[in-house]
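One letter stands for each residue in the lines below.
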Amino acid sequence: MQLKPRARRQQLALAALALFGGSAAQAQSDLPATEGNQPAVIDTGFLWYQESNNRITDAEVIVSAHQPLGGDTAWNGRLTIDAVCGGSPIGALPSKSSQSFVTPTATSLNPPVVVTQTTTSASGGGGGLGVNLCTNPVQNQKYIVAPGQLPIDQSFHDQRIALSGGYEAPIGTQSKFSAGAALSHELDFFSTSINGLLSRDFNNRNTTLAAGLNLEADKISPVGGTPVPLSPYGAFEKGGNRNKNLQDALLGVTQVVTRRWITQANVSYEHSSGYQTDPYKIVTQVDALGNDAAGMYLYESRPQTRNRLALFWDNKYAFDNDVLQASYRRTQDSWGVHTDTFEMHYRLSLGDYGYFEPHAREYRQSAADFFRFFLFQTAAQPAYVSADPRLAAFTGQTFGLKYGLALGKDGEFDVRAERYTQRGAGPANPPPGLQGLDLYPGMQAYLLQVGLRFTF
Amino acid sequence: MAGARIPPIEERSISIEERPGGVQAACFLAMGCPCEILVASKDAAVALHWAQAGVAEAWRIERKFSRYRADSAVAACNASAGQAVVIDAETERLLDYAAHCHELSGGLFDITSGVLRGAWHFDGSDRLPSATAVEQLRARIGFSRLVRTRGTLTVPAGMEIDLGGIAKEYAVDRALEAMAALDQTPPAFLVNFGGDLRASGPLPAAPWKVGVEAPARGPVPALVLELGRGALATSGDTHRYLLREGKRYGHILDPRTGWPVENAPHSVTVAAATCIEAGTLSTIALLHGAAAESFLEELGVTYWCLR
Amino acid sequence: MQIDAPAVAGRSRMIPRLRLFAVVGAALLLGACGLVGVKPWERDLMAKPEMLLDAAPIDSAMDDHVYFSKEAASGGKGFGGGGCGCN
């Protein structure tokens, strides 16, 4: 079957745009067999994300639109709304004795204590995963963490709304450019960015080279103020807003290798400078035996710059009806974090009954140079330190299954469920005071997403 | 609570613990939920002396009205297979009260709706009942089909009554009365059965501080209410549910349809003079789903809704 | 062609990876020189929407957000729609 020239150009142009995922590239649900009006596409999804053990709950909605405007130009837009809340680890370690902390808005270690003699509540209990609907967050509170438990701040909550849009157009017959901008607003974070990319086809459109740039400016306004890095937890001298800027450059190649196999490799480099510290995270200090004195916590501190190199290699292989996707990503950065990600999807076609798509992802991460589970009080204070479990060495495994079904000619419905587990280990030789404690409990999360796509 | 072994009343004990503000709490299990009676006293033995009358009332009501007990009055009515059963004055008064609630709520509050638990199992899974199963059970619901004469109740065959929705709050009021009757000048007490509570009067130095449980069910309350005298009851809808295709089906069932009420608040807390009023108002408000707040506003009730 | 796959992630050195990417890079350059590719009439399978490299952009966006919030690596695949304060 010979594709008409316009459709062929579309296919590879879309493949080139696919280098830049997200807002720039939109898939079309039905490539036209004839020239003529290109369909507009609206793509929506709703995600429910839930971690076990009273950790994070997140709900997110995305609505995307892609509209061709004739002459191979198109615009695209996306709206994302997201609400998250629940328990977030604060970086302090579990201890053999009980510990107390305060939520970020507190201005002393002893906020007016909520004294109650009793509680009124709905009866019944058990069942479900401890779903939290993210309403009525707690502020200015002290909370007690039982011995052996990982300190978690249950007052964490945030809402985000993000809008992005872009425009793409051809340059001559062999090249294309696209440009876009995005805005994202959260309770403690505001981000603006612009991006642009140029792509060019070679070799009868079997090869596409692309280059792009993304510039982002962020403003961080931590809830309760910005603590002085490495200051003691009880100091409560907090400053105002902070900024961070990022520049990303990306170079990529997409190659149709055989009739069945398309491959893409890209290299990207990101430089970020500004406030990179997590204002809510602290680090436990212990004495030589590993016992912590009450209240010996420091606010964490991360370097002001971070440079990251990423290499990404993606492949899709078409069987007669099924599709296999396999990718590998390697990142390395100036914080000493090296990561490897292996990912695979297999789309099993059921003909008129839709398709199943199992998914597996394996992720490995090394710890940041300045990551420490804890500090010895008597040792010299390092310039940078963080106990954020996300900067530790760990592995992550994801398994998921998606089911999709076409709705008539113009639509598709899909649903997917995934489970994501993080596993790691605590320090190799903890001092006696920390032995017997689970210093890296890991994490398990479930995702459930439903989506609808329509073409017009 | 289904599945957990609840010890019989004879094997249960009362423990005393201290609470802030010079209060002792007598804690025990009754009617399938954790109960406590708080007494304004520095002495555990004194507190126990006062609380015992309240504990005895709670266990008496559990024996008499629990549908789980074969020897209860409720079980006798439900096993009668359409025959008239003689009931005592207390049971009759509770049924009269249930009839008022049925009218006040336009049919939403219905003590015969317990049969729906045969189809709905709120275990957090995605197993919804079939429409037929729900319809078959709905055919067995209808408070107006109970036949009542003075001193008797007839529960038609296939139907059953369940006083679980009002027994706890009724028990709070009765326990308080029993304790107050012991002496001319009792100390202040607060009776809390499973989250529904009533205080006889304020503490010597301050009002009672009652926390309203937060959605996350952690130790930190969403709100703290100051209570002098009167009752607070909370009804809620997020701890037992089914989740299917991203939609959450809460456990409060509308007896008119047999399906969960939609858009109910996470919890409704109502203040009233007696616990039974507060309890039925909060339950009926929750049954109004999205219109919970407007229902309570119309009636001029003091309430707090968490959504 | 021999590809070195690292046995244990995080502890392998940079050099085997560079070799891997050099090999891939060379293959792709070969493509650019026209030695690898398909004729226009061989694009039937490639034209299917599910063969687009980002055929499920909503899934990618959701996953990117989750992994960005829970891991220390981010991006590498492309540019997203704005930053997020979740890391």
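Here the structure is a predicted model, which means the values were calculated and not measured. (Residues numbered from 1 in each chain as written. Chains lettered and ligands numbered in written order. Predicted model: local features only at pLDDT ≥ 70, side-chain atom pairs only at ≥ 80, totals over all residues.)

Peer 1: Looking at this model, I keep getting lost on the overall build of chain B. Mind explaining?
Peer 2: The helix and strand inventory of chain B stands at seven helices and 15 strands. A buried classification covers 44% of the 307 residues belonging to chain B. (Helix = DSSP H or I, 4+ residues; strand = E, 2+ residues; numbered from the N terminus. Buried ≥ 20, exposed ≤ 12 C-beta atoms within 10 Å, placed from the backbone.)

Peer 1: Before we go on, may I ask you to explain the overall build of chain A in this structure?
Peer 2: A count of helices and strands for chain A gives two helices and 24 strands. Looking at chain A as a whole, 44% of its 456 residues qualify as buried. Put simply, 65% of the contacts in chain A that link residues at least 6 apart link residues at least 24 apart. (Contact = placed C-beta atoms within 7 Å.)

Peer 1: Sorry if this is basic, but what is going on with helix H3 (residues 89-104) of chain B here?
Peer 2: Since one α-helical turn is 3.6 residues long, residues separated by three or four positions face the same way. All names here are of chain B. End to end, H3 covers 23 Å across 16 residues, agreeing with the expected 22 Å (1.5 Å per residue, within 8%). Thr91, Leu94, Ala98, Cys101 and His102 are the residues of H3 that are buried. Buried residues in H3, looked at end-on, bunch into an arc of 100°, giving them a common side. In H3, the exposed positions angled more than 90 degrees off the buried face are occupied by Ala89, Arg93, Asp96, His100 and Glu103. On its buried side, H3 packs onto helix H2 (73-78), helix H5 (164-180) and helix H6 (275-287). Immediately downstream of H3, the backbone of Gly106 shows phi near 65°, a positive value. (Expected span 1.5 Å × (residues − 1). Arc of directions from axis to C-beta.)

Peer 1: Mind showing me how you'd approach the environment of Pro7(B) here?
Peer 2: Residues and elements named next belong to chain B. With respect to the secondary-structure elements, Pro7 resides in the segment before strand E1 (15-19). Using a count of 9 C-beta atoms within 10 Å as the deciding quantity, one classes Pro7 as exposed. Sequence spacing of Pro7 and Leu29 is 22 residues, and the spatial spacing of their C-alpha atoms is 8.9 Å.

Peer 1: Even after reading the chapter, I still don't get the packing of H5(B) against H6(B), so can you show me in this structure?
Peer 2: Axis angle and axis distance: for two packed helices, these are the angle between their axes and the distance between the axes, and together they describe the pair. Residues and elements named next belong to chain B. Axis separation between H5 and H6 bottoms out at 7 Å; the angle between their running directions is 155°. With respect to each other, H5 and H6 are oriented roughly antiparallel. Once H5 is placed against H6, the crossing between them reads as right-handed. Residues Gly165, Ile166, Glu169, Tyr170, Val172 and Asp173 of H5 pack against Cys275, Ile276, Ala278, Gly279, Thr280 and Thr283 of H6. For the contact of H5 with H6, the residue count by class is six nonpolar, four polar and two charged. (Axes fitted to C-alpha atoms, helices over the stretch in contact; angles between N-to-C directions. Parallel < 35°, antiparallel > 145°, perpendicular 65-115°, else oblique. Left-handed = near helix turned anticlockwise from the far one by under 90°. Nonpolar A, V, L, I, M, F, W, Y, C, P; charged D, E, K, R; others polar.)

Peer 1: Could you clarify how one ought to interpret the sheet that holds strand E21 (residues 375-376) of chain A in this entry?
Peer 2: Two orientations exist for strands paired in a sheet by backbone hydrogen bonds: parallel and antiparallel. Residue and element names in this part refer to chain A. Overall, mixed pairing links the three strands, which are arranged E16-E15-E21 in an open sheet. Here the strands that pair on one side only, and so sit at the sheet edges, are strand E16 (297-299) and E21. Relative to E16, strand E15 (residues 282-286) runs antiparallel, the two being bridged by three bridges. Looking at the pairing, Ile282 lines up with Tyr299 of E16. (Pairing = 2+ DSSP bridges.)

Peer 1: Even after reading the chapter, I still don't get the sheet that holds strand E5 (residues 147-149) of chain B, so can you show me in this structure?
Peer 2: Residues and elements named next belong to chain B. Here three strands make up an open sheet; going across it, the order is E4-E6-E5 and the pairing antiparallel. The open sheet has two edge strands, strand E4 (84-86) and E5, and neither has a second partner. If you compare each strand with its neighbour and ignore which way they point, the axes differ by 20° on average. Inspection of the sheet shows E4 paired to strand E6 (residues 152-154) by three bridges, in the antiparallel sense. Opposite Val85, over in E6, you have Leu153 as the bridge partner.

Peer 1: I would appreciate a short explanation of the confidence of the model for chain A in the present structure.
Peer 2: Note that predicted coordinates carrying low pLDDT should not be read in detail. Looking at chain A as a whole, its pLDDT mean stands at 84, while 86% of the residues score no less than 70. Predicted confidence for residues 125-132 of chain A stays below pLDDT 50, and this span has 21 contacts to residues more than four positions away or in other chains. (pLDDT = per-residue confidence, 0-100.)

Peer 1: Can you walk me through the confidence of the model for chain B in this structure?
Peer 2: All names here are of chain B. Taken as a whole, chain B shows an average pLDDT of 85; of its residues, 94% reach a score of 70 or greater. Mean pLDDT in chain B bottoms out at strand E12 (residues 241-244), which sits at 70, and peaks at strand E7 (residues 189-193), which reaches 94. The ipTM, which scores confidence in the relative placement of chains, is 0.85 for this predicted complex, and the corresponding pTM is 0.61.

Peer 1: What should I look at first to understand the pairing of strand E18 (residues 323-333) of chain A in this one?
Peer 2: For a regular strand, the rule is simple: side chains alternate between the two faces of the sheet. Residue and element names in this part refer to chain A. In this sheet, E18 lies alongside strand E17 (residues 305-318) in antiparallel orientation, the contact comprising eleven bridges. Counted as the bridge partner of Leu311 is Arg330 from E18. As paired elements, E18 and strand E19 (residues 338-349) share ten bridges and run antiparallel to each other. Bridging from a neighbouring strand, Arg330 pairs with Asp340 of E19. What sits between E18 and E19 in their antiparallel hairpin is a turn of four residues, with Gly336 showing a positive phi close to 85°.

Peer 1: Teacher, can you tell me more about the pairing of E17(A) here?
Peer 2: All names here are of chain A. In terms of strand pairing, strand E14 (residues 261-274) meets E17 through 13 bridges, oriented antiparallel. Across the sheet, residue His271 finds its bridge partner in E17, namely Asn307. In this structure, the hairpin formed by E17 and E18 is closed by a connection of four residues.

Peer 1: Can you walk me through helix H2 (residues 57-70) of chain C in this structure?
Peer 2: Residue and element names in this part refer to chain C. Look at H2: 20 Å from first C-alpha to last across 14 residues, which is about the 20 Å you get at 1.5 Å a residue. Counting buried residues along H2, ten of its 14 residues qualify, which places the element largely inside the surrounding structure. Of all the positions in H2, only Pro57, Ile58, Asp59, Ala61, Met62, Asp63, His65, Val66, Tyr67 and Lys70 are classed as buried.

Peer 1: In this structure, what is going on with unusual backbone geometry? I would like to understand it.
Peer 2: With glycine set apart, most residues show a phi of negative sign, and most peptide bonds adopt trans. All names here are of chain A. One non-glycine residue, Asp72, adopts positive backbone phi at about 65°. Checked against the element boundaries, Asp72 lands in the loop between strand E2 (56-70) and strand E3 (73-89). Positive phi outside glycine occurs at Leu230, with the angle close to 65°. Among the structural elements, Leu230 can be located in the loop between strand E11 (226-227) and strand E12 (238-239). Since 17 C-beta atoms lie within 10 Å of it, Leu230 is described here as partly exposed.

Peer 1: When you look at the environment of Arg19(B) in this model, what are you seeing that I'm missing?
Peer 2: Within the fold, Arg19(B) resides in strand E1. A residue is classified by how many C-beta atoms lie within 10 Å of it, and Arg19(B), with 18 of them, is partly exposed. Remark: the alpha-carbon pair of Arg19(B) and Leu38(B), spanning 19 residues in sequence, is separated by 8.5 Å. Ignoring anything within four residues of it in the chain, the contact list for Arg19(B) reads Gln117(A), Ala25(B) and Leu38(B).

Peer 1: Sorry if this is basic, but what is going on with the environment of Asp43(A) here?
Peer 2: With respect to the secondary-structure elements, Asp43(A) resides in strand E1 (residues 41-51). When sequence neighbours within four positions are dropped, the list of residues in contact with Asp43(A) reads Ser64(A), Arg453(A), Pro57(C) and Ile58(C).

Peer 1: I tried to follow the packing of helix H1 (residues 44-65) of chain B against H5(B) on my own but got confused; where do I start?
Peer 2: Residues and elements named next belong to chain B. Put simply, H1 and H5 touch, their axes get as near as 8 Å, and they point 145° apart. In terms of crossing hand, the pair formed by H1 and H5 is right-handed. On H5, the residues touching Trp50, Ala53, Gly54, Glu57, Ala58, Ile61 and Phe65 of H1 are Ala167, Tyr170, Ala171, Arg174, Ala175, Ala178 and Met179. A breakdown of the residues in the contact of H1 with H5 according to their chemical character gives eleven nonpolar, one polar and two charged.

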